[in-house]
Amino acid sequence: MTFASVSAVTVTLLLVGVFFVIMMNLNNVATTIEEDVEIRVHVDVAANEQDREALGEQITQLAGVKTVQFSPKDKELDNLIESLGTEGEAFKLFEQDNPLNDVFVIKTTEPTDTMEVAEEIEAFNYVATVKYGQGKIEQLFKIINVSRNVGLALIVGLLFTAMFLISNTIKITIVARRREIEIMRLVGATNSFIRWPFFLEGLWLGILGSLVPIAAVSSAYYYAYGIIEPKLKDHFIQLIEFDPFVYQLSAILIIMGAAIGIWGSLMSVRKFLKV
Amino acid sequence: MIEMQDVYKTYRNGVTAANGLNIKIDAGEFLYVVGPSGAGKSTFIKMMYREVRPTSGTITINGVNLSKLRDSKVPLLRRNIGVVFQDFKLLNTLNVYENVAFALEVIEEQPSYIKKRVMETLELVGLKNKARMLPTELSGGEQQRVSIARSIVNAPKVVIADEPTGNLDPDTSWDIMNVFEEINMRGTTIVMATHNKDIVNTIKHRVVAIEGGRIARDQQKGDYGYEA
Ligand SMILES: Nc1ncnc2c1ncn2[C@@H]1O[C@H](COP(=O)(O)OP(=O)(O)O)[C@@H](O)[C@H]1O
Ligand SMILES: [Mg+2]
């Protein structure tokens, strides 16, 4: 029973640890990408200078808009030519008769507002097209949210299981010491005095259960970091650095283990101390 | 010292075990509680140390109103009340000395005080020379002496005993009664539920007869009043 309850804590915290590492890294990636999220508003060619300025003003007034930058079509063409390198030379022909649009580049205060702001802009006059993250950002957010909820539900279920197993283990000790507790209450020992040894037992079971997950998650992250990080070097994505992330995670796991243990012990003693 | 006013107790199964109890017990008294089985004697006794809470009515002990006593203060109440049972309730893994010391250790008394008090108390109950023996190595009468020693080691003002001689043969019962007499002589109030007719009729004290949760008779130097 003791083994079962410690293993329950171990399994729970192992999953909590793995889940936590994945979620934090996904969040980190999402934040990195978020910073690159922008809305590009192509201005209709029919718009004159006044119309364009009015549109810029309208966009600036929108709630949730952080910055609005104007990029004239000549600059857009330069950017295009530059980004295509040698092949871009061909586009130089267009310098005389630029087919591109003037563009407003917009950043929102909250990256998650991107879609909403973009839809509002689409309704404005002299807007040719509105482009933003093309749904990839939204998909990533959705994936993160769904996996976060699934993971949380799983973990809450496991936490309860671990807590009940610990509480049952302690209940066995309590039943074995039933007469002792009965006499303690009879001669006037306080509830906290009676509770103390069981409190300690729960605490130890919980901490004991957190040791394996801490060791496993830390070393796994250390190796995974060594292998994955170099491969990501060329991309804009980064893993969270080992130090202090893993130490913080370890602290969280040990605290969770202790909390499960204490909770379990208090649950099981409570009934025996009712007056 | 102990006072009950209109005390009623109906258990959750609907049984009424106290049906309007009124009684006043003075400091230093020795009170026998008699009556048929199931009359409510144990309930009467359990309400005094708040093992059972009355459905209604007031119980006062040493000026403390038990119905107003917070749960957290119950341990303090119990330190002033010694309780003795028919089945001794000793810890078989502990020796005589340790069983008695247990009562002081769990209320966190000083070790030097514990040693002194335990030895004094074992001497009073006549078990000083058996301090290192286990309960299983003792006779029933000796086990009950250990239990009595444990109940008085903290010098309570009241000792409550629920059929303390119920499991003992007649000779041993008289010995145990002598221990209670000695304790009472030193000023401790004693409330004792008993079925022992000879003892009640010989060692005369106040007798309260409970029948159907009511006090049917309350008599100074009374008789047992029932056929054995
Ligand atoms: N915890 C309890 N729950 C329900 N009924 C109880 C409980 N304790 C006692 N009773 C009932 O209350 C009545 C009085 O019991 P008790 O006080 O033990 O009487 P006595 O000690 O005189 O034999 C009995 O009918 C008994 O069955
Ligand atoms: Mg009884």
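See the structure printed just above.
Here's a quick rundown of the structure. Residue indices begin from 1 for each chain and proceed along its sequence in written order. For naming, the first written chain is A and the first written ligand is 1, with later ones following in the order written. Whole-chain, interface and lining totals are the exception, using all residues; otherwise, since this is a predicted model, local features are given only for residues with pLDDT of at least 70 and side-chain atom pairs are given and counted only at 80 or more. The side-chain quantities take in all heavy atoms of the structure and omit both hydrogens and water.

Description of the overall build of chain A
And then number 1: Across its full length, chain A carries eight helices and four strands.
And then number 2: By the criteria applied, helices consist of DSSP H or I runs no shorter than four residues and strands consist of E runs no shorter than two, each listed in order from the N terminus. Starting at the N terminus and ending at the C terminus, chain A contains elements arranged as α-β-α-β-α-β-α-β-α-α-α-α.
And then number 3: The atom set for the radius of gyration is the C-alpha atoms, and the globule formula is 2.2 Å times the number of residues raised to the power 0.38. Relative to the compact-globule value of 19 Å for 275 residues, chain A shows a C-alpha radius of gyration of 30 Å, a clear excess of over 25%.
And then number 4: Based on the C-alpha atoms only, the size of chain A along its principal axes is roughly 100 × 40 × 25 Å.
And then number 5: Each residue gets one of three labels from its accessible area relative to the maximum for its type: buried under 20%, exposed over 50%, partly exposed in between, using a 1.4 Å probe on protein chains only. Buried positions account for 38% of the 275 residues belonging to chain A.
And then number 6: Two residues qualify as a contact provided that any one of their heavy atoms is within 4.5 Å of a heavy atom in the partner residue. Within chain A, contacts between residues at least 6 apart in sequence are counted, and of these 83% link residues at least 24 apart.
And then number 7: As displayed, chain A has an accessible area near 15,800 Å², and 61% of this comes from carbon and sulfur atoms.
And then number 8: With 22 positive and 32 negative side-chain charges, chain A shows a spacing of 22 Å between the two charge centroids. To be clear on the numbers: accessible area is Shrake-Rupley with a 1.4 Å probe, and residue cover counts the displayed protein chains and nothing else. Positive: Lys, Arg. Negative: Asp, Glu. His and the chain ends are not part of the count. We put the charge of a Lys on NZ, of an Arg on CZ, of an Asp on CG and of a Glu on CD.

Brief notes about the site of ligand 1
All names here are of chain B.
And then number 1: Near, as used in this document, describes a residue that has one of its heavy atoms within 4 Å of the molecule or strand being considered. In the region of ligand 1, the neighbouring residues are Tyr11, Asn13, Val15, Ala17, Pro36, Ser37, Gly38, Ala39, Gly40, Lys41, Ser42 and Thr43.
And then number 2: Each polar contact in these results corresponds to two N or O atoms within 3.5 Å; when the atoms are within protein, one needs to be able to donate a hydrogen and the other to accept it, and residues that are neighboring in sequence are counted only if both atoms are side-chain atoms. A distance of 3.0 Å is found between an oxygen atom of ligand 1 and a backbone nitrogen or oxygen belonging to Gly40.
And then number 3: For ligand 1, the protein covers 63% of the area, taking 560 Å² as the surface of the free molecule.
And then number 4: If one sorts the elements of the shell around ligand 1 by residue count, helix α1 (residues 41–48) sits on top with three residues.
And then number 5: By the convention adopted, Pro, Cys, Tyr, Trp, Phe, Met, Ile, Leu, Val and Ala count as nonpolar, Lys, Arg, Asp and Glu as charged, and the other residues, Gly among them, as polar. For the shell around ligand 1, the per-class residue count stands at five nonpolar, six polar and one charged.

Quick word on the nonpolar core
Residues and elements named next belong to chain B.
And then number 1: Counting residues in hydrophobic clusters, the biggest one holds 85 residues, and the most contacted among them are Tyr32, Val118, Leu122 and Phe180.
And then number 2: When sequence neighbours within four positions are dropped, the list of residues in contact with Tyr32 reads Met177, Met192, Thr194, Ile199, Val200, Ile203, His205, Arg206, Val207 and Val208.
And then number 3: The nonpolar core is taken to be a set of buried Ala, Val, Leu, Ile, Met, Phe, Trp, Tyr and Cys residues, with the residues joined through side-chain atoms within 4.5 Å. Of all hydrophobic cores here, the second largest spans 32 residues; its members include Met48, Val52, Ile59 and Val208.

A closer look at the sheet that holds strand β9 (residues 206–211) of chain B
Strands belonging to one sheet form pairs held by backbone hydrogen bonds; the direction of such a pair is parallel or antiparallel.
Residues and elements named next belong to chain B.
And then number 1: At least two DSSP bridges between two strands are required for those strands to pair. If you trace the six strands from one edge of the open sheet to the other, you get β6-β7-β8-β3-β9-β10, paired in mixed fashion. Here the strands that pair on one side only, and so sit at the sheet edges, are β6 (81–85) and β10 (214–219). Adjacent strand axes in the sheet meet at a mean angle of 15° when their direction is disregarded.
And then number 2: Across four bridges, strand β3 (residues 30–34) lies against β9 in parallel orientation. By the bridge assignment for β9, Val33 is matched with Val208. Axes here refer to lines fitted to C-alpha atoms; in helices the fit is confined to the stretch in contact. Angles between the N-to-C directions go from 0 to 180 degrees.

Description of the packing of helix α3 (residues 96–105) of chain B against helix α5 (residues 140–152) of chain B
Residue and element names in this part refer to chain B.
And then number 1: Viewed as axis vectors pointing N to C, α3 and α5 meet at an angle of 25°, and their least axial separation amounts to 8 Å. As the angle between them shows, α3 and α5 are arranged roughly parallel. Taken as a pair, α3 and α5 cross one another with a handedness that is right-handed. When α3 is examined against α5, the residues Val96, Asn99, Val100 and Ala103 are found in contact with a partner set consisting of Val146, Ala149 and Arg150.
And then number 2: Grouping the amino acids of the contact of α3 with α5 by side-chain chemistry returns five nonpolar, one polar and one charged. In this scheme, roughly parallel covers angles under 35 degrees and roughly antiparallel covers those over 145, while 65 to 115 is roughly perpendicular and the rest are oblique. Crossing handedness is defined as follows: a turn of the near helix away from the far one that is anticlockwise and smaller than a right angle gives a left-handed crossing, while the clockwise case is right-handed.

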